[in-house]
Amino acid sequence: MSFSFYFPTKLIFSEDAATDLVQELASAPKDGVLFLTDKGIIQAGIATKVLDKLKQASFQPIVFDDIPGNPNVPDVKKALSVIEGRQITHVVALGGGSVLDVAKAVGLLLGDPELDYEEVQWRRQPIKKAPLPVIGIPTTAGTGSEVTHVAVVGDSKGFKMGVLNPAMFMKCAIIDGNLMLSLPPQLTATTGMDALVHSIEAFLSKKANNISDLYALSAIRGIVKWLPEAYKNGANLEARQQMAMAATLAGISFDQSSLGLVHALAGPLCGTYHLHHGLGVAVLLPATLEFDAPAIPTERWDLLRDALALPADAKPEVLGDFARDLLKTLDMPTHLSEVGLEAEKIPAIAETATRMAMIGFNVRSAGLEDCQQVLEAGL
Ligand SMILES: [Fe+2]
């Protein structure tokens, strides 16, 4: 057995993220904060509460909210352009995975203005200097970006590139279910399913270890128990807090032990059809789990079955039906044709999936024909 586990981010599970943020910024100059968010968060009134608290504490943050879903390098540059010579010392990110990932990139570039982010993406420029401290406040319970050491941002042509480096760990993540109370049901379902897939794939990964298992199994338990409630009754604070906790645990687990076939297929599937990432991984889950089932070792299955709250005599072959039932509970599609997949696109999507790094860690080895078969079975 040989593995390392490195996770330097301070975690604050909070009842009042704004107050905790002010406390975390105690040593920051009042004019040194760059505050990143998106227009949806502003419109929902979530940013106002946090910004008001900052202003009450005499901070004068620069606020940038022009971050789209699926951001690209030009969006990172735009975020940097608003600074206009101000001496920024801290980056605060309030939002979903897109905002958090842009914040990681911005923190890196502010720490070393010589860097060209696209060159870093293509690994033509090494990261040599420490980034600025980034404090992340997630507003969805899904991506886990607040606890991972990867930032996924498209290059200048929109091709999604992950920069994977310990420098991308945030200094601090403040997780507050109160900020998720107004998340619409559909987004609650898709982001929550993304977190479930993170934890299942992390647990089944060939790179899984005893420590990542603790996080993954705890996340799976929490999501299975609380996601349907958070979906049906978004105002249930306990459900929101439990989902926020579970999604963060899922993020830690997959950051350490990698993802698998679902995410390998989701990259090209979502890219081809411009699907929401969470929707893509959710609909891919049943057929992928049916493919994986014969390769799940008995002792791992016992732990997974227990975490999924399945009966003691259930066999791995029930996983596909389990996933489909959960998707139906969340009013989500269960077949890939329902999200637009066309049979003629399967070969190209399968071929791209075989080149995704995480496919090598899937519990069952998957080659080109296997990827095609999973997509056909899920159609
Ligand atoms: Fe994901």
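Here is what the cut-offs are and how they apply
Residues numbered from 1 in each chain as written. Predicted model: local features only at pLDDT ≥ 70, side-chain atom pairs only at ≥ 80, totals over all residues. Pairing = 2+ DSSP bridges. Helix = DSSP H or I, 4+ residues; strand = E, 2+ residues; numbered from the N terminus. Axes fitted to C-alpha atoms, helices over the stretch in contact; angles between N-to-C directions. Contact = placed C-beta atoms within 7 Å. Domains from an automatic or database assignment.

## Quick word on the sheet that holds strand E2 (residues 33-36)
Stage number 1. If you trace the six strands from one edge of the open sheet to the other, you get E1-E8-E5-E4-E2-E3, paired in parallel fashion. The open sheet terminates on both sides in strands that have one partner only, identified here as strand E1 (10-13) and strand E3 (62-64). Adjacent strand axes in the sheet meet at a mean angle of 15°, parallel and antiparallel pairs treated alike.
Stage number 2. Of the pairings in the sheet, the one linking strand E5 (residues 134-138) to strand E8 (residues 172-175) comprises two bridges and is parallel in character. Note on E8: the bridge partner recorded for Gly136 is Ala173.
Stage number 3. In this fold helix H5 (residues 97-111) packs onto E2, strand E4 (90-95) and E5, with an angle of close to 170° to the strand it touches most, E4.

## Topic: the environment of Thr139
Stage number 1. The residue Thr139 is located in the loop between E5 and strand E6 (150-154) in this model.
Stage number 2. Linking Thr139 and Val99, residues 40 residues apart in sequence, is a C-alpha distance of 9.8 Å.
Stage number 3. Excluding anything up to four places from it in sequence, Thr139 contacts Ile41, Ile46, Leu94, Gly95, Gly96, Leu179 and Met180.

## What about the domain arrangement of the chain?
Stage number 1. Domain boundaries assigned for the chain yield domain 1 (10-179) and domain 2 (185-378).
Stage number 2. The C-alpha-based centres of domain 1 and domain 2 are spaced at 27 Å.
Stage number 3. Contact residues are listed per partner, giving 15 residues for domain 1 and 23 residues for domain 2.

## Structural notes on the pairing of E6
Stage number 1. Here five bridges tie E6 to strand E7 (residues 160-164), and the two strands are oriented antiparallel to one another. Bridge assignment links Val150 to a residue of E7, and that residue is Leu164.
Stage number 2. Between E6 and E7, which pair antiparallel in sequence order, lie five residues; one of them, Gly158, sits at a positive phi of approximately 90°.

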